[in-house]
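Structural overview for review
Listed here are the chains, written in short residue letters.
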Amino acid sequence: MSTAPAEWELYAIRYAQRDAMRSSNFMGGDAHDGPMPMDYFVWVALRAHEAEKEALVIDLGFTPAAAERRRRKYLHDPVESRALLGVDGARVQHVILTHLHYDHAGNFAAFPAARFHVQEPEMHFAAGRHMRYRYFSSGYEADDIAQAVRLNFAGRMMQYNGEVEPLPGIRLVPAPGHSPGGQVACVTTRRGRVGLASDAAHYYENLQKRRPYPSAVHVDAMLESFDKVLALAGDIEHLVPGHDPLVMQLYPPARPELAGRIVRLDAEPAPMPAPPGRAR
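Anyway, here's the lowdown on the structure attached to this text. (Residues numbered from 1 in each chain as written. Predicted model: local features only at pLDDT ≥ 70, side-chain atom pairs only at ≥ 80, totals over all residues. Heavy atoms only, no water.)

**Here we look at the side chain of His104**
Relative to the elements of secondary structure, His104 occurs in the loop between β5 (94-96) and β6 (115-119). Given the relative accessible area of 1%, His104 is considered buried. Only 3.2 Å separates the side chain of His104 from the side chain of Asp103, close enough to count as a polar contact. In this view, His104 contacts Asp59, Leu60, Gly61, Leu97, Thr98, His99, Ser198, Asp199 and His243; residues no more than four positions away in its chain are not counted. (Helix = DSSP H or I, 4+ residues; strand = E, 2+ residues; numbered from the N terminus. Buried < 20%, exposed > 50% of the residue type's maximum accessible area, 1.4 Å probe, protein only. Polar contact = N/O pair within 3.5 Å; in protein donor to acceptor, adjacent residues only side chain to side chain. Contact = heavy atoms within 4.5 Å.)

What follows is the structure, encoded as structure tokens:
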């Protein structure tokens, strides 16, 4: 007898930001340059499970030390922000890693009992021969990758080659380009399936105009992933990019006092504004 997929509450947590210009967010620059800041997010999904809520963590965020080295403005500790949703890292059983860049894989120690879910090509790349090139290695922290390898030796790094459903209502789909093993988390919620694009699409505008973000291992794969993630979500209102400050404007706060810090992605968003300018 089949049962309906589990529905999850879904939250985006903004934990850091940096100033940026439009020319730094589109391959080839931008003819109408101007400020285009970047937000940094992690995500949490919650569902009723037995006598309590089960927490699924999607991405880890970076540490204060990494923020200082990389000159990022650290707004809130993502571990503390998750606690505001009732998430106890010591009890979390599953963490999805959309990829292993420094801003997504920097707090392994906060989840001592968890298994981590990643695409195998990402592990191969992050620990492989291409890390001798600064162009690639600059996106990763060596200590984070060393910890990922240790977790693999401990049997806690679950690696996939393709689509998988690690939990009811959670579907992981490869979306390479920005990194070789990037994946999208598709989450079943009360408003339907919501796709967490992570860095498969940094900004809504990358998708809307099919303009790639400059950091790419394979540009052709990035463009194809734009099409894939939009098809998975069904429309752009059900897709959440990985770094767009617009996310905090479109979605309501988890609670009034958390405005600007945590928003609900399982709630209907405000109307999507038209992208500025026209595609070239």
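Moving on, there is more to tell.
**A closer look at the pattern of salt bridges**
Counted by the stated rule, this structure contains 14 salt bridges. Here Asp39 ties to Arg14 by a salt bridge, and the two come within 3.6 Å at their closest N and O atoms. Of this pair, Asp39 sits in strand β2 (residues 38-49) while Arg14 is found in strand β1 (residues 9-18), placing the two residues 25 residues apart along the sequence. Of the two residues, Asp39 and Arg14, both sit in the buried class. (Salt bridge = Lys/Arg side-chain N within 4 Å of Asp/Glu carboxyl O.)

**Remarks on the environment of Met36**
Examined against the element boundaries, Met36 turns out to sit in the loop between β1 and β2. Sequence separation of Met36 and Asp244 is 208 residues, and the distance between their C-alpha atoms is 9.1 Å. Not counting residues within four places of it along the chain, the set of residues in contact with Met36 comprises Ala20, Met21, Arg22, Asn25, Phe26, Tyr203 and Glu205.

**Observations regarding the nonpolar core**
Counting 90 residues, the largest nonpolar core has Phe116 and Leu265 as the members making the most contacts within it. Apart from the residues within four sequence positions on either side, Leu265 is in contact with Leu10, Tyr11, Ala12, Trp43, Arg191, Val194, Leu196, Val240, Val247 and Tyr251. (Core = buried A, V, L, I, M, F, W, Y, C linked by side-chain atoms within 4.5 Å.)

Limitation: the analysis is restricted to geometry and does not speak to function.
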